[in-house]
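Now for the letters of each chain:
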Amino acid sequence: MSEPLAAEAAALDAADPLRGKRAEFVLEGDGGEGAEVVYLDGNSLGALPRAVPGRVADVVAREWGRLRVRSWTESGWWTAPERVGDRIGRLVGAGPGQVVAGDSTSVNVFKAVVAAIRLAGQDGHGRDEVLVDAATFPTDGYLARSAARMTGCRIRAADAADIADAAGPRTAVALVNHVDYRTGRLNDLPATTAALHAAGARVVWDLCHSAGALPVGLDAHGVDLAVGCTYKYLNGGPGSPAFLHVRRDLQPRFDSPLPGWNSHADPFGMSPDYVPADGAPRGRVGTPDILSLLALDAALDVWDGVDPTAVRAKSLALTDFFLRCVRTYVPAGRVESLTPDAHDRRGSQVSLRCVPDAEAVMAELVRRGVVGDFRPPDVLRFGFTPLYTRFADAERAARVLAGVLGR
Ligand SMILES: *Cc1c(COP(=O)(O)O)cnc(C)c1O
């Protein structure tokens, strides 16, 4: 029964224009008993690009070990946040000088939301409401609430699909997740951004599950502010620096709530008075985490010459194929896809509701060498990373899932 889909997977892999990319990642082991693992958790922690260990070893031994403090200038450490930011910018459709790498997504959410509230204050229209995606990844909600509390705003939750309709004359900013981390639903960034702007509000997009998974088009859609992490589809490594995007024309008015010395116009002037730098560096705070930042820099090499449009095409083909395999192999009614079938509403993951035993099912899948993850209360999450996931992986994952569910 499984043979036609396995054969189809082999044909799809053979015809895949990105198939050569997989060799640039470390994906050997640990599937237990010598088996190769099917890794479908790149939306939680991307796999290790082969170039990273050598680069990190060089940064440690030569740049830190021998050049020491000279590396801030001679090895380009000081300007690395902007240089790496521009590399990320290309992948999310932002022209140079608008993205800075650093801090965590959580910290960048705080900077972006407070800065957006302050922009509204500068505009002087008495806007004092923050809208937040009702299904948001929790950290965004916590930080938005704190930002609202600190600035005297009220906060209101709204479904991402109609958050623009919820915006009124008091709305300063809406914070929206581009892809819902739990269901894999892709929210409509172009239409939502345009509608929020028409309502006179700013928008902050959280791109954690779209950066590196699909073309975002920040410039094309005039997005005000955006944040995202780099350890998911960008494979930067555990806890790698996040990024902050501030649209070029808003940069002169970007008033950071965390104005550290790294964002000063003259950081080495050591002045007691704060004067913000121009451009993307204004989003910085303190000394960058150089080891993680340069591991990320090396990890981004896998994107050289890769068109995000090709990545998106493969992502949709992979998730379509996985859903088809699941529907073929898994007994009817045992799982239900929470991920929209419509391509324009789907991120790069498939979430299957599995009642009542999702957590145990995922544990067994992992034991059998298929690594996805579990999200409470009942969701099996499978992430598809087009640079290294094969159609054969999708087929095997669905087949093993059917086995676990007792076909
Ligand atoms: C993964 C994720 C985060 C993570 O934030 P950290 O500060 O890196 O822990 C935030 N928001 C969303 C939507 C995420 O998916």
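Preceding this section is the structure that the text describes.
This report concerns the structure included in the present document. (Residues numbered from 1 in each chain as written. Predicted model: local features only at pLDDT ≥ 70, side-chain atom pairs only at ≥ 80, totals over all residues. Heavy atoms only, no water.)

Across all of its chains, the model carries 39 salt bridges by this definition. Salt-bridge contacts for D123 lead to R202; the nearest nitrogen and oxygen are separated by 3.5 Å. Taken together, the residues span a long stretch of sequence, with D123 in helix α5 (residues 105–123) and R202 in strand β8 (residues 202–206) at a distance of 79 residues. A residue is classified by how much of its surface remains accessible, and R202, at 15% relative accessible area, is buried. (Salt bridge = Lys/Arg side-chain N within 4 Å of Asp/Glu carboxyl O. Helix = DSSP H or I, 4+ residues; strand = E, 2+ residues; numbered from the N terminus. Buried < 20%, exposed > 50% of the residue type's maximum accessible area, 1.4 Å probe, protein only.)

What follows deals with the sheet that holds strand β14 (residues 373–375). The four strands lie next to each other as β11-β12-β15-β14, forming an open sheet whose pairing is antiparallel. Pairing within the sheet leaves two strands with one partner each, and these edge strands are β11 (336–337) and β14. Of the strand pairs in this sheet, β11 and strand β12 (residues 349–353) are connected by two bridges, and their pairing is antiparallel. Pairing of S337 across the sheet is with L352, part of β12. Of the strands in this sheet, β14 and β15 (379–383) touch helix α11 (residues 358–367), which is tilted by about 35° from β15. (Pairing = 2+ DSSP bridges. Contact = heavy atoms within 4.5 Å. Axes fitted to C-alpha atoms, helices over the stretch in contact; angles between N-to-C directions.)

Okay, the sheet that holds strand β4 (residues 99–101) next. Across the sheet, seven strands lie side by side as β4-β10-β9-β8-β7-β5-β6; this open sheet has mixed pairing. Looking along the sheet, the strands with just one partner apiece sit at the ends: β4 and β6 (154–158). Sheet twist, expressed as the average angle between the axes of neighbouring strands with direction ignored, equals 15°. Bridge analysis of strand β5 (residues 129–133) against β6 gives five bridges, and the strand direction is parallel.

As a structural note, the neighbourhood of the ligand is formed by S104, T105, S106, F137, T139, D140, N177, D206, C208, H209, Y231 and K232. Taking D140, its side chain carries an N or O atom lying 3.1 Å from a nitrogen atom of the ligand. Taking K232, its side chain carries an N or O atom lying 2.6 Å from an oxygen atom of the ligand. Computed on the free molecule, the ligand has an accessible area of 390 Å², of which 86% lies beneath the protein chains in the complex. When residues of the shell around the ligand are traced back to their parent elements, those giving at least two are α5 and α6 (138–151). Here the shell around the ligand is built from residues that sort into three nonpolar, six polar and three charged. (Near = heavy atom within 4 Å. Polar contact = N/O pair within 3.5 Å; in protein donor to acceptor, adjacent residues only side chain to side chain. Areas by Shrake-Rupley, 256 points an atom, 1.4 Å probe, with all protein chains shown as cover. Nonpolar A, V, L, I, M, F, W, Y, C, P; charged D, E, K, R; others polar.)

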